Every structure is written in C-alpha cells, then in structure tokens.
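Survey of secondary and tertiary structure
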Number of protein chains: 2
Amino acid sequence: MTDCATCVVRNRAICASLDADELALLGKLGRRHRLRAGHSLLWEGDDAPLVANVMDGVLKLAVAAADGREQIVGIVFPSDFIGRPFGKESPYSATAITDVEVCVFHRASFDDFTSAHPDLQHKLLRRTLDELDRARHWMMLLGRKSAEEKVASFLLEMSERLSGQACDADAQRGFELPFGRQQIADILGLTIETTSRQLTRMRANGLVDLPSRREIVINDRAAMEAIAG
Amino acid sequence: MTDCATCVVRNRAICASLDADELALLGKLGRRHRLRAGHSLLWEGDDAPLVANVMDGVLKLAVAAADGREQIVGIVFPSDFIGRPFGKESPYSATAITDVEVCVFHRASFDDFTSAHPDLQHKLLRRTLDELDRARHWMMLLGRKSAEEKVASFLLEMSERLSGQACDADAQRGFELPFGRQQIADILGLTIETTSRQLTRMRANGLVDLPSRREIVINDRAAMEAIAG
DNA sequence: CGAGAAGTTGAGTTATTTCAACACGTGTGG
DNA sequence: CCACACGTGTTGAAATAACTCAACTTCTCG
C-alpha cells in the first residue's frame, strides 16, 4: 500500500482533487515503483494494463518505425500522469530517461475509481486538454519550423518546464537537460548531427553557453525568442 | 433554443451520454449556427468564448506563423467537438473548410453544465484522450516520415475517417476529399508542389486513380499501407 | 589510465523547397 | 457560343537545408 499523505507530488498531481478519505482509498490501489533509466513502463502497441503518476524523474513517450526511426511525442515530468485510461492498447512506449519513481495503478481499478470520483475525472480532463494543446503546438514545430527554429523553441520550452518550482529568472537562464543529443534530435524530428551543429552555431553567436554536455545557459532570451518564431 | 431530440449527430456526439431531461436542458444552452466555407469559429490566440459540436461539414484547426506558414493540427468532422472547455484562450484557429453547421454553446455555461453532468465529462475525457493519441501519432508522421510516406498515410487515414457511417469496402477505396492541394500540404508539413508530385507519381505507378481534383481511388491498399510505413 | 559511449566536425549527397512557367477547368461577359 | 480571366493544380530546373557517411574529439566511468 502507498502512503498518499506523504506523497511529494500530491498537491500538483491529479490526486490534489481528493480529500483524505479518498486519498486513503486510492492509496490502497497504488504501488510505488522504481524504474532505472532506459527501462520502459509501457510498450507501443501492447495492451497497457497500468497507469501511473510520476513522482520523480523524467520519462519519454515515443513512437518508433520498423526501421528504427523514433519520434518522441511527449515528455513526462514529476506530477504528470502516464497511461491510457478507459481501455485501448498504448499507442506509444513510455521509457525512463532518468531513474524514475512512479506511483502505479492497475488500469481497470483506476478506471473504476475515476468513474466514482468526478473531481478526479475533471482534473484528468483538464490535464489531457493541456497535453493536447501542447501536442498540437509541437505539430507546428515539427511540420513547419527550420532546424534553427526548432532548437530555439526547444531550449525555451525546456527552460520553462524544467524550472518547475523554482521559477525565478536565474533557473530559467541556466538549466540541465535530462536528454542527450540523440534524444533532443528525436524530440525535434532532426538528426543528431543537425542538432549538434545548431547548438554549436548558437554558442558561436554568443546566444548560449554550453558549460557541459547537458547544461544550457541562455544568454539572450529575447534573441532566442525571436529565432524561435 | 435548439432541438436536441432531432439532432442528426446526437447518438455519435458527446450528447449521447445524456437522458431526455438533460438533453432538454442542454438544448436551452445551445444555438444552431451556419458557417460558410472559409469563415472561422475560433481565432488563434483570442479568448474563446464558445465551444461547439459539429453537425455537418468539415473544419480545420490550424496554427499559423507570423510569415504565413500554416500547420493544420486537427480536422473536425460531424459529431466531433470543437473548443477549449475550462478557460484559456484558443491555441489555434478553427475554420470551416466546407459550409458547416454547428451547435454552439457559451463556454462558461457549457463548463457549468459539464461539471454538473459527470457522464458528459466522461465522454469528453474519452474524446480528448482519443484526439491526443491521434495528435501524437501525427507527430511521428510530421517529424520522421518522408513525403511519400506522408501522402500514403494521409490517404489511408482519410479513407477511413471519411467513410464514417458507410464503412463498406467500396467507400474506402474511392472517396472525395474536402481539401484542396494546399490544405493537404498544410496537414502534412509539405509544400503544395511536393504534395502534387507525390500524387502524380502514385497515379503513374497505378497506386491510385485521380478522377477529379478532389476524388481519390485507392487501387492497391496493401501497397499503400506498405509505403505508409 | 584506457576503453567505450557520446558529441563534434567535415565533405559529399539527396530530398524537398523555391521560383517560374504552363495546363486545366469553370464561370462570365461579349 | 466562344474568348478570356481567374483560381487551382501540375511540371520543370535550380537552389538549399538537412541528411548521410566517416573521421575525429571529448567526456565518463570502471
């Protein structure tokens, strides 16, 4: 049994809509679970018997082609929800990018619980609507933006989403990506070489500093926004 | 006042979850409205004071860049839902592609009604989850597929969604697109020329017939699926 | 310290875009 | 009924952004 009362993401996750009694009930359904970087929680095309809340770490949602091409279609941060409630196989895989801690539920029992708790369902609807907006916004990037615009947009979005709690200006200027270059390429629909070249060029122009492989410092946010288009 | 009892899409739209009394209530909130092809119901970035169900016709959801580039991020068919419940400005425009008949609600009153009717909310959640899956699937296409694969995938998806009611094999082989070439290009993240060339090539290979500008006949579905990847 | 993974850089190739001309079809007015 | 003009779609040639392949460099970690 899981102790929702001490959950680190409780006030940000969908569970925030529940009162103490409901939380206790939900706690009986959930199991905390650790996942090492590189391991998957859901597989594309497989029946998905579970849903989950992320407590710590980052996961990617990805679709793969037969020949190995991969497109990352979503990034899951702490307090985000993973999975496909109400039936259906999972249309994408969910794989841990860092070591991850999740709160896992059997899909069927979570579905039942959700149906009985309209507030939870409402919270889930709002989140899904937000995710849909984000996905559609990303479609514009994938379909119509140049490599340079893609990288600039990516850096700006990550600087915002990674700040999370600490949303002061400093945290947004410098941050550490949880992704390697190949993963950035898979998010942007580019090759690893093009991604690397764009970052190098931005560093040469003084737009960013790259203190280490995964650290990014945005020197000129306004210029970056102008490039992102 | 709108008469939901005689609505042509009632059993397919989200309203299907409602009983007679609830339908009558909802009917008081809704207004039927006609929209000519080319006119918009929502504008990107504007506050969206309404939501709607489509009764007849087709609309596009699109995101535009300052320089005129456009990406279509969703296609809305009869019985589909349009709009962004629960606040927020509309992140995309919704524009009629054919003449359209919609059932429009003030967003605020629709939100209230939804909150009071968990079944409706449940239906809305399921639809939003489906839309999210579709959008993510499309992200793979936009980010990783070649022009040929894009066009093949598009034709197959349209053959399925346009069949709608008449889902016999004939209706899926030949169908009439509600889009012009430019709109197909905006859906696929290509130029109009590339789109045209791919279609011409498919006709030359005997994969499709193009009896008129908007008609498509898929001759070899299996081959088309192989190309779509 | 050494080996392997991850990232960068360069040179050449290619898919897609861009720019421009042309074809088709349809509706209007002479 | 024909001519013409406009919107839409097609085709061709040239330009280019991004990809591919390959070598090299830099980190990371045992």
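Residues numbered from 1 in each chain as written. Chains lettered and ligands numbered in written order. Predicted model: local features only at pLDDT ≥ 70, side-chain atom pairs only at ≥ 80, totals over all residues. Heavy atoms only, no water.

Per an unreviewed UniProt entry, chain A goes by the name Crp/Fnr family transcriptional regulator and belongs to Sphingopyxis lindanitolerans.

This part takes up the overall build of chain A. The number of helices and strands found in chain A is eight helices and eleven strands. Taken against the 2.2 N^0.38 rule, which gives 17 Å for 229 residues, the C-alpha radius of gyration of chain A at 19 Å falls within 12% of a compact globule. Overall size of chain A, expressed as C-alpha extent along the three principal axes, is 55 × 45 × 30 Å. Expressed as a percentage of the 229 residues in chain A, the buried residues total 55%. Within chain A, counting contacts between residues at least 6 apart in sequence, those at least 24 apart form 70% of the total. (Helix = DSSP H or I, 4+ residues; strand = E, 2+ residues; numbered from the N terminus. Rg over C-alpha atoms; globule rule 2.2 N^0.38 Å. Buried < 20%, exposed > 50% of the residue type's maximum accessible area, 1.4 Å probe, protein only. Contact = heavy atoms within 4.5 Å.)

The next point concerns the UniProt feature "domain: Cyclic nucleotide-binding" (unreviewed entry) in chain A. In the numbering adopted here, UniProt assigns the feature "domain: Cyclic nucleotide-binding" (unreviewed entry) to residues 14-131 of chain A. Helix makes up 29% of residues 14-131 of chain A and strand makes up 36%, while its end C-alpha atoms are separated by 14 Å. (UniProt positions renumbered as here; feature names shortened; annotations may be inferred.)

Around DNA strand D, 16 residues are found, and the nearest of them are Ala147 and Thr194 of chain A together with Arg181, Ser196 and Thr200 of chain B. Each atom of DNA strand D within 4 Å of the protein was classed as base or backbone; sugar and phosphate made up 66%. One of the side-chain nitrogen or oxygen atoms of glutamate 193 of chain A is found 2.9 Å away from a base nitrogen of DNA strand D. The separation between a phosphate oxygen of DNA strand D and a polar side-chain atom of threonine 200 of chain B is 2.8 Å. For the surface near DNA strand D, the secondary structure elements donating two or more residues are helix 7 (192-204) of chain A together with helix 7 (192-204) of chain B. When its residues are assigned to classes, the surface near DNA strand D shows two nonpolar, seven polar and seven charged. (Near = heavy atom within 4 Å. Polar contact = N/O pair within 3.5 Å; in protein donor to acceptor, adjacent residues only side chain to side chain. Nonpolar A, V, L, I, M, F, W, Y, C, P; charged D, E, K, R; others polar.)

Bringing the relation of the copies chain A and chain B into the picture now. Relating one copy of the chain to the other takes a rotation about an axis and a shift parallel to that axis. When chain A is brought onto chain B, the operation consists of a screw motion whose angular component is 180° and whose axial shift is 0.0 Å, with 0.0 Å RMSD remaining. The superposition operator between the copies reduces to a two-fold rotation axis. Of the interface residues in chain A, 100% have counterparts in chain B that sit at the interface too, so the contact is made through matching surfaces. (Least-squares fit on C-alpha atoms with pLDDT ≥ 70 in both.)

Let us now look at the interface of chain A and chain B. Each partner contributes residues to the interface: chain A has 44 residues there, and chain B has 44 residues. Taking both sides of the interface into account, the surface hidden between chain A and chain B amounts to around 4000 Å²; carbon and sulfur atoms contribute 60%. It is Arg136, Met139 and Arg144 of chain A that lose the most area in chain A upon contact with chain B, and together they represent 20% of the buried surface on that side. Linking chain A with chain B are ten salt bridges. Counting residues per element, the ones that place at least two in the side of chain A that touches chain B are strand 4 (59-64), strand 5 (70-76), helix 3 (118-144) and helix 6 (181-188) of chain A. For the side of chain A that touches chain B, the element with the highest residue contribution is helix 3 of chain A, accounting for 20 residues. (Buried area = accessible area lost by both parts, 1.4 Å probe. Salt bridge = Lys/Arg side-chain N within 4 Å of Asp/Glu carboxyl O.)

This brings us to the packing of aromatic side chains. Scanning all chains against the criterion turns up six aromatic pairs over all chains. Pairing phenylalanine 154 of chain A with phenylalanine 179 of chain A gives two aromatic rings, centres 6.1 Å apart and planes at 55°, and the pair type is tilted. In this pair, phenylalanine 154 of chain A sits in helix 4 (residues 147-163) while phenylalanine 179 of chain A sits in the loop between strand 9 (174-176) and helix 6, placing the two residues 25 residues apart along the sequence. Here phenylalanine 179 of chain A falls in the buried class, since its relative accessible area comes to 1%. Seen in terms of ring centroids, phenylalanine 105 of chain B and phenylalanine 110 of chain B are 5.4 Å apart; in terms of plane orientation they differ by 45°. Their pairing is tilted. Pair check on accessibility: phenylalanine 105 of chain B and phenylalanine 110 of chain B agree, each one buried. Grouping aromatic residues by their ring pairs yields a cluster made of Phe81, Phe105 and Phe110 of chain A. (Phe/Tyr/Trp six-rings, centres within 6.5 Å; stacked < 30°, edge-to-face > 60°.)

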